[in-house]
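Spelled out from the first residue to the last, the chains are:
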Amino acid sequence: MTYETIIADFQNGITTITINRPSKLNALNKSTIQELHDALDAANKDVNTKVIIVTGSGEKAFVAGADISEFAHFDVANGGKLAAKGQELLFDFVENLSTPVIAAVNGFALGGGLELAMACHFRVASDNAKMGLPETSLGVIPGYGGTQRLPQLVGKGRAMEMVMTAGMIDTNQALAYGLVNHVTTQEELLPLAEKIASKIMRNSSVAIKGAIKAVNANFKDGVDGYQVEIEEFGKCFGTEDFTEGTTAFLEKRKADFPGK
Ligand code: COA
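Note that this is a predicted model, so its numbers are computed, not measured.

A. Representation of the environment of A72 in the model. Here A72 is to be found in the loop between α2 (68–71) and α3 (76–95). Looking at A72, the relative accessible area reads 64%, which means it is exposed. As a C-alpha pair, A72 and L138 span 66 residues in sequence and 9.5 Å in three-dimensional space.

Structure (structure tokens):
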């Protein structure tokens, strides 16, 4: 499948999705959001894709936010629809995928860009990356889940400060906040993400799917995460991966998971 604003590339069990509007610092417009949805959906359904990496093209930006030129003239109703549609198509969607999604943050991750990185399952960054939610400097609030996911990741006080000041943090601060897991050079960013992906791929994809669901349940209103964990744990006992994993351990060999 070919896209206009993104590139999807499959190699060695990894689908890398690159947001590709470098002249606009990879800002997310309507078609980018739709194409990201389609590419993520396709990768998630592809049995050969074990891990998805999301990154930005060029050396300057992961994503510099939602495309401001697209919503500058919106009214109240359209503003609400913009947030609802984006959250449904992309931000909630990526968070709830059963395939692990790593954000490789290669530069500015601002507004919708940081919100996209935060919706991914975890983040690695290059040392030139700058992260922030500048929406209040534009007269709006973060609308793609930023007011919810930033406090989950960094704590309420830090999130409040970042949202109120509309400022950017560098990777030292992002590491200290726990917003990114690892920082490396720009050249080493994708190799690092791929190295982590290869560790993930050694494990049971069925178990990982259950684990993603259980971890996400911790952050869903009205859902008992412990109960979800019990259910997902129980389900594992009926999988071929469980038989293979436990048998391989007892036979002192490496597991070769069928992914079922
Ligand atoms: N929406 C639309 N276009 C954007 C954009 C966005 N969020 N972010 C950057 N661009 C465009 C610029 O308009 C410019 O386009 P042009 O060359 O046609 O004028 C191009 O990308 C390059 O950006 P520029 O501002 O010239 O780069 P810079 O290095 O001087 O500054 C930033 C980089 C990231 C600090 C600056 O682009 C910026 O503040 N962007 C907006 C960030 C933001 O508020 N995001 C939240 C949106 S809700």
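B. Quick look at the sheet that holds strand β7 (residues 122–126). What the 6 strands build is an open sheet, ordered β1-β2-β3-β5-β7-β10; its pairing is mixed. Since the sheet does not close on itself, it has two edges, and those belong to β1 (6–11) and β10 (182–184), each with one partner. Put simply, the sheet's adjacent strands are angled 20 degrees from each other on average, direction ignored. Inspection of the sheet shows strand β3 (residues 51–56) paired to strand β5 (residues 101–105) by 4 bridges, in the parallel sense. Residue pairing in the sheet places I53 in a bridge with I102 of β5.

C. Structural view of the packing of helix α9 (residues 205–217) against helix α10 (residues 225–236). One can describe the packing of α9 onto α10 by two numbers: an axis separation of 8 Å at closest approach and a directional angle of 170 degrees. Considering their axes alone, α9 and α10 lie roughly antiparallel with respect to each other. Contact residues: G210, K213, A214 and A217 in α9; G225, V228, E229, E232 and K235 in α10. When grouped by side-chain class, the residues that make up the contact of α9 with α10 number 3 nonpolar, 2 polar and 4 charged.

Definitions and cut-offs
- Residues numbered from 1 in each chain as written.
- Predicted model: local features only at pLDDT ≥ 70, side-chain atom pairs only at ≥ 80, totals over all residues.
- Heavy atoms only, no water.
- Helix = DSSP H or I, 4+ residues; strand = E, 2+ residues; numbered from the N terminus.
- Buried < 20%, exposed > 50% of the residue type's maximum accessible area, 1.4 Å probe, protein only.
- Pairing = 2+ DSSP bridges.
- Axes fitted to C-alpha atoms, helices over the stretch in contact; angles between N-to-C directions.
- Parallel < 35°, antiparallel > 145°, perpendicular 65-115°, else oblique.
- Contact = heavy atoms within 4.5 Å.
- Nonpolar A, V, L, I, M, F, W, Y, C, P; charged D, E, K, R; others polar.

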